[in-house]
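Architecture and fold: a report
The primary structure of each chain is shown beneath.
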Amino acid sequence: MAPEPPRFPALDAEEAHLRQSLLGALCGLSVDDQLLRAQLLPRGADAAWFRCADAIAFRPLRLGGCALSMDASDGPAMAALLDAADDLLSAIEAALGVTLDPIDIGPCPDAAGLTVQIDSLDQKILLLLSVPLDAAILAQPAPLAPSLLGHIAVPVGIAVAGPRLSPADAATLAPGDLLLIGPAPIAATLRPPHGDAVPGRLDPVARCFRPH
């Protein structure tokens, strides 16, 4: 019996584009010197959300490192929360080309869509954003943020030329003998999986390769 092929969730082109646009615009966004990142979550729960036009909604969970709670019956507290989140909301609006102007507080909209978790690297900011699949997003790609990449292993090879010895010196070597190459960086060639080889020098002590 032939093995059954893996079953992956099917995405139409519009949803795939929306997913890519949301993450591309929000990952690397900077607000008040805090770097933001984003990830997609399962559909938002039926909790209190700030509901905006076009079935867009958001729910701030943490600002300035402090956990937040939303009480629709406390108007002054909700107004103060929006004031505190103004810089963050403005940055998201500019990145996505949407307007986050609440018209109501209530459950997450019923329209099918995506829920995005937006947080900062220092965990002082946490906000959920609900966007319907047919939202008119005009995403602006965020600047490249190397600190979001972490440590990514890249397989490469380094070729080092062996020592040059005269036949007479080589004949005197015995098993267990050591050849000292000195403390200076040695000539080497970096060989990536794809592309041209890069000549340079390798410092074995510092574990550093510098191209010529």
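Residues numbered from 1 in each chain as written. Predicted model: local features only at pLDDT ≥ 70, side-chain atom pairs only at ≥ 80, totals over all residues. Heavy atoms only, no water.

1. Observations regarding a negative patch on the surface
Taken together, the side chains of Asp 32, Asp 33, Asp 83, Asp 86 and Asp 87 present a region of like negative charge at the surface. Its location among the elements puts Asp 87 in helix α3 (residues 86–96). Among the residues examined, Asp 87 registers a relative accessible area of 44% and is labelled partly exposed. (Patch = residues over 30% accessible without salt bridge, like charges linked within 9 Å, V, L, I, M, F, W, Y side chains within 5 Å. Areas by Shrake-Rupley, 256 points an atom, 1.4 Å probe, with all protein chains shown as cover. Salt bridge = Lys/Arg side-chain N within 4 Å of Asp/Glu carboxyl O. Lys, Arg positive; Asp, Glu negative; His and termini not counted. Charge placed at Lys NZ, Arg CZ, Asp CG, Glu CD. Helix = DSSP H or I, 4+ residues; strand = E, 2+ residues; numbered from the N terminus. Buried < 20%, exposed > 50% of the residue type's maximum accessible area, 1.4 Å probe, protein only.)

2. Comments concerning the pattern of salt bridges
Scanning the model with the defined rule gives 2 salt bridges in all. Across the salt bridge formed by Glu 15 and Arg 19, the nearest N and O atoms sit 3.1 Å from each other. Of this pair, Glu 15 and Arg 19 both sit in helix α1 (residues 13–26), 4 residues apart, roughly one helical turn. According to the relative accessible area criterion, Arg 19 is partly exposed, its value standing at 27%.

3. What to know about the packing of α1 against α3
The geometry of α1 relative to α3 is characterised by a closest axis approach of 9 Å and an angle of 130° between their N-to-C directions. Classified by the interaxial angle, the pair formed by α1 and α3 is oblique. The two elements α1 and α3 cross, and the hand of that crossing is right-handed. Across the interface between the two elements, Leu 22, Ala 25 and Leu 26 of α1 pack against Ile 92, Ala 95 and Leu 96 of α3. (Axes fitted to C-alpha atoms, helices over the stretch in contact; angles between N-to-C directions. Parallel < 35°, antiparallel > 145°, perpendicular 65-115°, else oblique. Left-handed = near helix turned anticlockwise from the far one by under 90°. Contact = heavy atoms within 4.5 Å.)

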